[in-house]
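So you can see what is in the structure, the chains are spelled out below.
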Amino acid sequence: MNKEEMKKKIEKLEMEIKGLENDLDDMQQQLEDALKVRKAVAEIEEHLDKQQKGFESHFFPTLKYFLKK
């Protein structure tokens with residue numbers, strides 16, 4: 001294997017690594033968004049539970065934050 005072939009293979013591997021890094025960044029963003037939704041759902045469940053028990057609850061900070069984006 002000569003130097004040119006090695007150089008091309010290294011460049012190809014570097015491009016594949018960059019692609020994988022971009023995929024990981026996208027997946028991380030999806031996980032962060034999913035956690036925001038999960039937190040909002042937990043707050044809604046808590047609100048409904050309090051309402052069912054006769055308490056007043058009108059505050060959804062995560063839900064409001066999530067909807068503003």
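Residues numbered from 1 in each chain as written. Predicted model: local features only at pLDDT ≥ 70, side-chain atom pairs only at ≥ 80, totals over all residues. Heavy atoms only, no water.

Undergrad: Sorry, what's going on with the overall build of the protein here?
TA: Broken down by element type, the protein carries 2 helices and 0 strands. Residue burial in the protein is summarised as follows: out of 69 residues, 9% are buried. Carbon and sulfur atoms form 59% of the exposed surface of the protein, whose accessible area is close to 6,600 Å². (Helix = DSSP H or I, 4+ residues; strand = E, 2+ residues; numbered from the N terminus. Buried < 20%, exposed > 50% of the residue type's maximum accessible area, 1.4 Å probe, protein only. Areas by Shrake-Rupley, 256 points an atom, 1.4 Å probe, with all protein chains shown as cover.)

Undergrad: So what exactly am I meant to see when it comes to a nonpolar patch on the surface here?
TA: Taken together, the side chains of Met1, Met6 and Ile10 present a nonpolar region at the surface, about 320 Å² in accessible area. Mapped onto the fold, isoleucine 10 is located in helix α1 (residues 3-52). (Patch = residues over 30% accessible without salt bridge, like charges linked within 9 Å, V, L, I, M, F, W, Y side chains within 5 Å. Salt bridge = Lys/Arg side-chain N within 4 Å of Asp/Glu carboxyl O.)

Undergrad: Teacher, can you tell me more about a negative patch on the surface here?
TA: A cluster of acidic residues, Glu4, Glu5, Glu11 and Glu14, forms a negative patch at the surface. Since its relative accessible area comes to 39%, glutamate 11 is described here as partly exposed. (Lys, Arg positive; Asp, Glu negative; His and termini not counted. Charge placed at Lys NZ, Arg CZ, Asp CG, Glu CD.)

Undergrad: Looking at this structure, I do not really get α1. What am I missing?
TA: Along an α-helix, residues three or four positions apart point the same way, because every turn accommodates 3.6 residues. If you check α1, its first and last C-alpha atoms are 73 Å apart, about what 50 residues at 1.5 Å a residue would give, namely 74 Å. All buried positions along α1 are accounted for by Ala40, Glu43 and His47. Two or three places before glutamate 4, at the opening of α1, asparagine 2 has a side-chain oxygen 3.2 Å from that residue's backbone nitrogen. One or two positions beyond α1, positive phi appears at glycine 54, with a value near 95 degrees. (Expected span 1.5 Å × (residues − 1). Polar contact = N/O pair within 3.5 Å; in protein donor to acceptor, adjacent residues only side chain to side chain.)

Coordinates in, geometry out; function isn't part of it.
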